[in-house]
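# Secondary and tertiary structure notes
Each chain is listed here by its residues.
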Amino acid sequence: MHENLTIVDHPLVQHKLTLMREKTTSTAVFRQLLHEISMLLAYEVTRDLPMTAKSIETPLTQMDAPVLEGKKLALVSILRAGNGLLNGVLELIPSARVGFVGLYRDEKTLQPVQYYFKVPEEMENRRVIAVDPMLATGNSSAAAIDLLKGAGARDIRFLCLLAAPEGVRRMAEAHPDVPIVTAALDERLNDVGYILPGLGDAGDRMFGTK
Ligand code: URA
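For the structure given in this document, a descriptive report is provided here. (Residues numbered from 1 in each chain as written. Predicted model: local features only at pLDDT ≥ 70, side-chain atom pairs only at ≥ 80, totals over all residues. Heavy atoms only, no water.)

Right, let's get into the overall build of the protein. When helices and strands are tallied, the protein shows 6 helices and 14 strands. Taken over C-alpha atoms, the radius of gyration comes to 18 Å for the protein, in line with the 17 Å a tight globule of 210 residues would show. Viewed in the frame of its principal axes, the protein has a C-alpha envelope of about 60 × 40 × 35 Å. Classification of the 210 residues of the protein by burial places 42% in the buried group. Long-range pairs, those at least 24 residues apart, make up 63% of the contacts in the protein between residues at least 6 apart in sequence. Accessible area of the protein: about 11,200 Å², with a carbon and sulfur share of 52%. Averaging the positions of the 23 positive and the 26 negative side-chain charges in the protein gives two centres separated by 4 Å. (Helix = DSSP H or I, 4+ residues; strand = E, 2+ residues; numbered from the N terminus. Rg over C-alpha atoms; globule rule 2.2 N^0.38 Å. Buried < 20%, exposed > 50% of the residue type's maximum accessible area, 1.4 Å probe, protein only. Contact = heavy atoms within 4.5 Å. Areas by Shrake-Rupley, 256 points an atom, 1.4 Å probe, with all protein chains shown as cover. Lys, Arg positive; Asp, Glu negative; His and termini not counted. Charge placed at Lys NZ, Arg CZ, Asp CG, Glu CD.)

What surrounds the ligand is the set Met134, Ala136, Gly193, Tyr194, Ile195, Gly200, Asp201 and Ala202. At 2.8 Å from a nitrogen atom of the ligand is found a main-chain nitrogen or oxygen belonging to Gly200. A distance of 2.7 Å separates an oxygen atom of the ligand from a polar atom in the backbone of Ala202. When isolated, the ligand has an accessible area of 240 Å², and the protein chains bury 83% of it. When atom positions are compared with the pocket grids, the ligand is found to occupy the largest pocket. Per-class residue counts for the shell around the ligand are 5 nonpolar, 2 polar and 1 charged. (Near = heavy atom within 4 Å. Polar contact = N/O pair within 3.5 Å; in protein donor to acceptor, adjacent residues only side chain to side chain. 1 Å grid on protein atoms, 1.4 Å probe; cavity = no way out; pocket = protein on both sides within 12 Å on 5 of 7 lines; lining within 4 Å. Sits in = over half its atoms within 2 Å of the grid points. Nonpolar A, V, L, I, M, F, W, Y, C, P; charged D, E, K, R; others polar.)

For Thr182, the position within the fold is in strand 11 (residues 180–182). A residue is classified by how much of its surface remains accessible, and Thr182, at 0% relative accessible area, is buried. Polar contacts involving the side chain of Thr182 include one to the main-chain carbonyl oxygen of Ala184, which spans 3.2 Å. For Thr182, the residues in contact, after removing those within four places along its chain, are Leu5, Thr6, Ile7, Val8, Leu41, Cys160, Leu161, Leu162 and Ala163.

This part is about the sheet that holds strand 12 (residues 184–185). One open sheet accounts for 3 strands, arranged 8-10-12; its pairing is parallel. Strand pairing shows two members of the sheet lacking a second neighbour, strand 8 (134–135) and strand 12, which therefore form its edges. One ladder, built from 2 bridges, connects strand 8 with strand 10 (residues 162–163); its direction is parallel. Bridge pairing in strand 10 places Leu135 opposite Ala163. (Pairing = 2+ DSSP bridges.)

What follows covers the layout of surface pockets. Of the volumes computed, that of the largest pocket is approximately 960 Å³. What lines the largest pocket is a set of 28 residues, and nearest its centre among them are Arg105, Ala136, Ser140, Gly193 and Asp201. When contributions to the lining of the largest pocket are tallied by element, the ones reaching two or more residues are strand 5 (97–105), helix 4 (139–150) and helix 6 (202–207). Considered class by class, the residues forming the lining of the largest pocket number 13 nonpolar, 10 polar and 5 charged. The computed volume of the second largest pocket comes to approximately 290 Å³. In terms of lining residues, the second largest pocket is bounded by 13 residues, among which Leu49, Leu68, Lys71, Leu73 and Ile93 are the most central. Tallied by class, the residues present in the lining of the second largest pocket amount to 5 nonpolar, 3 polar and 5 charged. (Points joined across faces, edges and corners; volume = space filled by probe spheres on them.)

Spelled out as structure tokens, the structure:
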């Protein structure tokens, strides 16, 4: 049904996600779980990165050993909740370059408006992983991907924690070339755009704001 979607059904991911969904989970525990789960999701979103071989010397002999091909990856956090996923992914890929996209929703037009945009150089030569925990309507995610393509990015993946069918469809229409990796596909959005059953406001839960 959703060709561009990969759901990471690993037991550790699913267990941690359930703990994150529970409303009694504290900010500190939520943040720790998000850090752990983002490393597991990073493992999946990088599964098909192209490899090349490099000649190395082990203590015993020479060998051609596999290494990642090409320029350093670019991780792009969609502010502010993206930062919660970013840290865990960076722990797994410490040499990645990092960019940030800030968007807010105009109250009159309901369209996303850019307030911050800073990405690494040579986006056209990098594999890009855009991170945002909640793929809800998909409007801001699609707008963020528009901006990344405008900066030259051609090979983009989108990593989130939870996705709503509405958001997956929106992304598939706007950016069919962008694969989405998530821990779960939830039922639907409620009438104010929150994912059901969801986990609430990801930014508020990870930063302790309300
Ligand atoms: N953003 C959130 O933080 N939570 C949702 O459920 C939807 C969008």
